[in-house]
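The lines below spell out each chain.
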Amino acid sequence: MSDSPRPSRPRVVVTRRLPDAVEARMEELFDAAFNADDTPFDRDALKRAVGDCDVFVPTVTDTIDADIIAAAGDRLKLIANYGAGYDHIDLAAARARGIVVTNTPGVLTDDTADMTMALILSVPRRLAEGEKLVRSGGWRGWAPTGMLGHRIGGKKLGIIGMGRIGQAVAARARAFGLTIHYHGRHRIPDTLEAQLGATWHENLDDLLRCADILSIHTPHTAETEQLLDARRIALLGPQVYVINTARGEIIDENALIDALEERRIAGAGLDVYANEPNVDPRLLKLSNVVLLPHLGSATFEGREAMGHKVIANIRTWADGHRPPDQVLEGWI
């Protein structure tokens, strides 16, 4: 990181509307430019924006690749991402130009875990189907065999990625009577395994073979791109429900749809998609899938907390210190 003086009131460009309290505080502290109508920036707008600021605040809807970063010139010194995930930012290109990248980890853990648990409950119990049935006027009253689903108590929950969110999901799921199995790059400490009643599977394929419900909580990286591919989806049993609140690109969406259409797996709960905001039309036709519009972090409290983390990162950087949430992946 450079020791050169930084502006006490940096020019900050924000690509999307943020909560009112966050924008008001940014306006007090910085020379801030906001996106009043919340229209996502196209590539030309992104290039103009990065060339006109000391600090750039993008979101998951903005692809900040090497070409965009090259358009920044020498002024841009901090990309303060509004969100925990940063797979939409070319970290190597930022590093090469001496640009610091930060994110907003931690504040979305409970919100995302709650949404995951909602999907774990709603898909096997066919809540979305039932709600649509009532609204359509097609419900004819209670029947002994009407709208039967599956209980989740006693089932095995397989978690891919046992970081903050994976652990929060495990704690919630255990209270519902699920047994916890997981796979990740690193095994969690024995004491935490005991607390969560979690069983580690060193081999991902072994986890897939044993799970009744599979929930994805790993970051999207080059290594996890289509981690759940056609071969691995074939390892899942016909009783399995797949839940994804992480990133759509982690699953081979075509292979998942094939398995759902052919009933080789029981169903899916999806909050993220491979080509957002475009949802594959085949998913829309499936009754055994619950589809949400990327709601994992969509709480008033969570979105405001994200904004205040962005502000803290900018202020710390402007004061000449390393921001608390600097993304170190890709940095020497």
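Residues numbered from 1 in each chain as written. Predicted model: local features only at pLDDT ≥ 70, side-chain atom pairs only at ≥ 80, totals over all residues. Heavy atoms only, no water.

Some words on the overall build of the chain
Right, on to step 1. For the chain, the helix and strand inventory stands at 13 helices and 12 strands.
Right, on to step 2. For the chain, the C-alpha radius of gyration of 22 Å lies close to 20 Å, the compact-globule estimate for 332 residues.
Right, on to step 3. On the principal axes, the C-alpha backbone points of the chain span a range of 70 × 50 × 30 Å.
Right, on to step 4. Sorting the 332 residues of the chain into buried and exposed places 48% on the buried side.
Right, on to step 5. The long-range fraction of contacts in the chain, counting pairs at least 24 apart against all pairs at least 6 apart in sequence, stands at 59%.
Right, on to step 6. When the accessible surface of the chain is summed, it comes to about 16,200 Å², and 51% of that surface belongs to carbon and sulfur atoms.
Right, on to step 7. Here the chain contributes 38 positively and 46 negatively charged side chains, and the mean placements of these two sets differ by 4 Å. (Helix = DSSP H or I, 4+ residues; strand = E, 2+ residues; numbered from the N terminus. Rg over C-alpha atoms; globule rule 2.2 N^0.38 Å. Buried < 20%, exposed > 50% of the residue type's maximum accessible area, 1.4 Å probe, protein only. Contact = heavy atoms within 4.5 Å. Areas by Shrake-Rupley, 256 points an atom, 1.4 Å probe, with all protein chains shown as cover. Lys, Arg positive; Asp, Glu negative; His and termini not counted. Charge placed at Lys NZ, Arg CZ, Asp CG, Glu CD.)

Overview of the UniProt feature "domain: D-isomer specific 2-hydroxyacid dehydrogenase NAD-binding" (unreviewed entry) in the chain
Right, on to step 1. Taking the UniProt record as the reference, the feature "domain: D-isomer specific 2-hydroxyacid dehydrogenase NAD-binding" (unreviewed entry) is found at residues 117–296.
Right, on to step 2. Summarising residues 117–296: 33% helix, 16% strand, and an end-to-end C-alpha distance of 11 Å. (UniProt positions renumbered as here; feature names shortened; annotations may be inferred.)

Comments concerning the nonpolar core
Right, on to step 1. In terms of nonpolar packing, the biggest core is built from 27 residues, with Ile160, Leu228, Val242, Leu256 and Leu260 touching the most fellow members.
Right, on to step 2. Within the residue set of this core, elements represented by two or more residues are helix 9 (204–210), strand 9 (213–216), helix 11 (253–261) and strand 11 (267–270).
Right, on to step 3. The element best represented in this core is helix 11, accounting for 5 residues.
Right, on to step 4. With residues near it in sequence (within four places) discarded, Leu228 still touches Leu208, Leu214, Ile216, Ile233, Val242, Ile250, Ile251 and Asp252.
Right, on to step 5. Among the nonpolar cores identified, the runner-up in size contains 26 residues, and Met117, Ile159, Ile188 and Tyr241 belong to it. (Core = buried A, V, L, I, M, F, W, Y, C linked by side-chain atoms within 4.5 Å.)

Some remarks on helix 11
It helps to recall that an α-helix has 3.6 residues per turn; residues three or four apart then point in one direction.
Right, on to step 1. Residues Glu253, Ala255, Leu256, Ile257, Ala259 and Leu260 constitute the buried set of helix 11.
Right, on to step 2. Taken together, the buried residues of helix 11 touch helix 10 (230–233), strand 10 (241–244), strand 11, helix 12 (281–284) and strand 12 (289–291).
Right, on to step 3. Measuring from the backbone nitrogen of Asn254 back to the side-chain oxygen at the start of helix 11 gives 3.2 Å, which picks out Asp252 as the cap.
Right, on to step 4. Where helix 11 ends, the next residue or the one after it, Arg263, has phi of about 60°, a positive value. (Polar contact = N/O pair within 3.5 Å; in protein donor to acceptor, adjacent residues only side chain to side chain.)

Points about the pattern of salt bridges
Right, on to step 1. Applying the stated criterion across every chain, the model contains 23 salt bridges.
Right, on to step 2. Across the pair Arg43 and Asp65 runs a salt bridge, and its minimum N-O distance is 3.0 Å. Taken together, the positions of Arg43 in helix 2 (residues 43–50) and Asp65 in the loop between strand 3 (55–57) and helix 3 (66–70) put the pair 22 residues apart, joining distant regions of the chain.
Right, on to step 3. Classification of Asp65 as partly exposed rests on a relative accessible area of 24%. (Salt bridge = Lys/Arg side-chain N within 4 Å of Asp/Glu carboxyl O.)

Some points on the sheet that holds strand 9
Right, on to step 1. Taking strand neighbours across the sheet as the criterion, the 7 strands line up as 8-7-6-9-10-11-12 in an open arrangement whose pairing is parallel. Because the sheet does not close on itself, it has two edges, and the strands there are strand 8 (198–200) and strand 12. Here the strands of the sheet are splayed against their neighbours by 20° on average, with no regard to which way each runs.
Right, on to step 2. Here strand 6 (residues 156–160) runs beside strand 7 (residues 179–183); their pairing, made up of 5 bridges, is parallel. What sits directly across from Gly158, in strand 7, is His181.
Right, on to step 3. Contacts between helix 7 (residues 164–175) and the sheet are confined to strand 6 and strand 7, with strand 6 contributing the most and set at about 170° to the helix. (Pairing = 2+ DSSP bridges. Axes fitted to C-alpha atoms, helices over the stretch in contact; angles between N-to-C directions.)

Description of the UniProt feature "domain: D-isomer specific 2-hydroxyacid dehydrogenase catalytic" (unreviewed entry) in the chain
Right, on to step 1. When the UniProt feature table is mapped onto this chain, "domain: D-isomer specific 2-hydroxyacid dehydrogenase catalytic" (unreviewed entry) is found at residues 13–327.
Right, on to step 2. With 37% helix and 13% strand, the stretch residues 13–327 has end C-alpha atoms that lie 20 Å from each other.

Observations concerning the sheet that holds strand 1 (residues 11–14)
Right, on to step 1. Taking strand neighbours across the sheet as the criterion, the 5 strands line up as 2-1-3-4-5 in an open arrangement whose pairing is parallel. Either end of the sheet is taken by a strand with one partner, and the two such strands are strand 2 (31–33) and strand 5 (100–102). Looking at each pair of strands side by side, their axes are set apart by 15° on average, direction ignored.
Right, on to step 2. With 2 bridges connecting them, strand 3 and strand 4 (residues 78–80) associate as parallel partners. Considered in strand 4, the bridge of Phe56 is made with Ile79.

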